[in-house]
Amino acid sequence: MQTNDKKKKPPLPVLLGLGLGLFALLALALWPTSPPPGPPPPPPSPEEVFLDLPKIDVHTHLSLSQVPEILGIMDENGIDVMLNASGGGPNRGLPSWARVAAETGGRIRPYCNFPFSAVEQPEFPELAVAWLNDCKSMGAVGLKVFKSLGLGIPLSDGSLLRADDPRLDLVFETAGNLGLPVLIHTGDPQAFFEPPTRDNERYAELEAHPSWSFYGDDPAGNAWPTWEEIFAQFEERVARNPGTTFVGAHFGNAPEEPQRVARMLERYPNLVVEIGARVPEIGRHDAGEMRALFVRFADRILFGTDLAVTDGGLTLGSSGPEEDRRDQVPAFFASHFRYLETARRGFAHPTPIQGNWTIDGLSLPREVLQKVYADNARQVFRLELPSN
Ligand SMILES: [Zn+2]
């Protein structure tokens, strides 16, 4: 009997297998699919004419070996001046970049980078002042601070060096006294502080660069600071050094929240912002509101792209698993110009890997464009445009 019964009913393992199979199918159907990167931006078409205005890209990363390539890219895309955020320091890099600046008639100019990891050395104050003086005398246009300040410089007590650490007051005060504006990247996209799962809207990027995730614990096993904590450090730094001009990289480090950036610009006259690698993000907001913000702060927003032309390859704002190609560069710049200059709706943003959505153009007035593209940078960095 029992044997017969067993023959009639499917055995337990089969039932379990069926159940599991069904569950897997259901899970597959319900599992959010990984957001694919957005479509590539189209190159400028002959009928699409952008204004012929001088342009200074205040946020690029360049390698010395690539100078001829960089000049070609500048000519091809109407960029008069590029400021190189990877200029190095007085002991390495900067002297060579000073030569490039001279040889290119000032078309490529370096920022200076700073050794923040030396903060615990007893001679740090003297070292800092000497370093910055050398940066200035070697022709650096400003100081570039990477996101490692706040997220990547471990101290002897195991904590991370904060952007608002009082021991750094002297560094930023000296930069201000020397007339070196500080291009400062603090934090990262808010999505990088959220779980790096398939439903994270920046999953494609986090999948390609797992180390860009600041969710959970850092490599030392301590909890990463939250996005809010890091942003508070940035604000406190700007507040602590009112005599220093800060250029908030990546749209003031808060492209997701333009109203927060507007409040910062209101509160701190020593702050300006640049748009490098964040047109995909700011382009998602209501175009009317963004246009009003650009017009209201027309003197405080600078053109930047975060273009990297280095020995490691080409990066158009951010990178995926594959290297960006030289023939994609015109489309990258054109998408920026389309965003700032036209009223077009629903077009591809400059950096497909940064998310599968489209952006809306601002159609800024010509006098605002002149400021954003070049005049604000000329003021902030006290630059003359090369006369070719
Ligand atoms: Zn950058």
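Each remark here, short or long, concerns the structure printed above.
Since the model is a prediction, treat every value here as computed from it, not as a measurement.

## Focus: the nonpolar core
F116, V171, F251, F294, F333 and Y339 are the most contacted members of the largest nonpolar core, which totals 91 residues. Ranked by residues supplied to this core, first place goes to helix α14 (residues 329-341) with seven residues. If we skip the residues at most four places from it in the chain, V171 touches F114, F116, F124, A128, L132 and L143. Core analysis: the next-biggest nonpolar cluster, separate from the first, contains 17 residues, V81, L183, A249 and L383 among them.

## Concerning the packing of helix α9 (residues 227-240) against helix α11 (residues 258-267)
Remark: α9 packs on α11, axes separated minimally by 12 Å, with the N-to-C direction vectors making an angle of 20°. It follows that α9 is roughly parallel to α11 by the angle criterion. In the packing of α9 onto α11, the handedness of the crossing is right-handed. For the pair α9 and α11, the contacting residues are W227, E228, F231, F234 and E235 in the first and R260, M264 and R267 in the second. Grouping the constituent residues of the contact of α9 with α11 by class yields four nonpolar, no polar and four charged.

## A closer look at the packing of aromatic side chains
Inspection of every chain in the model, using the stated rule, returns 18 aromatic pairs. Each ring, one from W227 and one from F231, has its centre 5.2 Å from the other, and the planes form 15°; the classification is stacked. One end of the pair is W227 and the other is F231, both in helix α9 and four residues apart, which spans about a single turn. Of the two residues examined, W227 and F231, each falls in the buried class. Here F303 and Y373 contribute two aromatic rings whose centre-to-centre distance is 5.5 Å and whose plane-to-plane angle is 75°, an arrangement assigned as edge-to-face. In this pair, F303 sits in the loop between β8 (301-302) and β9 (307-310) while Y373 sits in helix α15 (residues 366-381), placing the two residues 70 residues apart along the sequence. In this pair, the class of F303 matches that of Y373, namely buried. Each residue in the set F50, F303, F332, F333, F337 and Y373 is aromatic and connected to the rest through ring pairs, giving one cluster.

## A closer look at the sheet that holds strand β5 (residues 182-184)
On the basis of which strands lie adjacent, the open sheet formed by five strands has the order β4-β5-β6-β7-β8 and parallel pairing. On the outer flanks of this sheet lie β4 (143-145) and β8, each paired with one strand and no other. The pairing of strand β6 (residues 246-248) with strand β7 (residues 271-274) spans three bridges and is parallel. Note that in β7 the partner of V247 across the bridge is V272. Most of the contacts of α9 go to β6, to which it runs at about 160°, and overall it touches β5, β6 and β7.

## Concerning α14
Its 13 residues give α14 an end-to-end C-alpha distance of 18 Å, which sits within 8% of 18 Å, the value for a rise of 1.5 Å per residue. Burial analysis of α14 places twelve of its 13 residues in the buried class, the great majority of the element. Of the residues making up α14, those classed as buried are V329, A331, F332, F333, A334, S335, H336, F337, R338, Y339, L340 and E341.

## Brief notes about the state of the cysteines
Counted by the stated rule, this structure contains one disulfide. Two residues, C112 and C135, share a disulfide whose sulfurs are 1.9 Å apart. Between C112 and C135 the disulfide shows an S-S torsion of about -40°. By sign, it is left-handed. You can see C112 sitting in the loop between β3 (108-110) and α5 (124-137) and its partner C135 sitting in helix α5, a full 23 residues away along the chain. Grouping residues by exposure puts C112 and C135 together as buried.

## Comments concerning the sheet that holds β9
Reading across the sheet, the five strands line up as β3-β2-β1-β9-β10 and stay open at both edges, with mixed pairing between neighbours. The open sheet has two edge strands with one neighbour each: β3 and β10 (313-315). Geometrically, the sheet is characterised by an average inter-axis angle of 30° between neighbouring strands, direction not taken into account. Bridge count for strand β2 (residues 81-84) against β3 is three bridges, and the pairing is parallel. When the sheet's bridge partners are listed, N84 is paired in β3 with P110. Strands in contact with α15 are β1 (56-62) and β2; relative to β1, the strand with the most contacts, it is inclined by about 75°.

What counts as what
Residues numbered from 1 in each chain as written. Predicted model: local features only at pLDDT ≥ 70, side-chain atom pairs only at ≥ 80, totals over all residues. Heavy atoms only, no water. Core = buried A, V, L, I, M, F, W, Y, C linked by side-chain atoms within 4.5 Å. Buried < 20%, exposed > 50% of the residue type's maximum accessible area, 1.4 Å probe, protein only. Helix = DSSP H or I, 4+ residues; strand = E, 2+ residues; numbered from the N terminus. Contact = heavy atoms within 4.5 Å. Axes fitted to C-alpha atoms, helices over the stretch in contact; angles between N-to-C directions. Parallel < 35°, antiparallel > 145°, perpendicular 65-115°, else oblique. Left-handed = near helix turned anticlockwise from the far one by under 90°. Nonpolar A, V, L, I, M, F, W, Y, C, P; charged D, E, K, R; others polar. Phe/Tyr/Trp six-rings, centres within 6.5 Å; stacked < 30°, edge-to-face > 60°. Pairing = 2+ DSSP bridges. Expected span 1.5 Å × (residues − 1). Disulfide = S-S within 2.5 Å.

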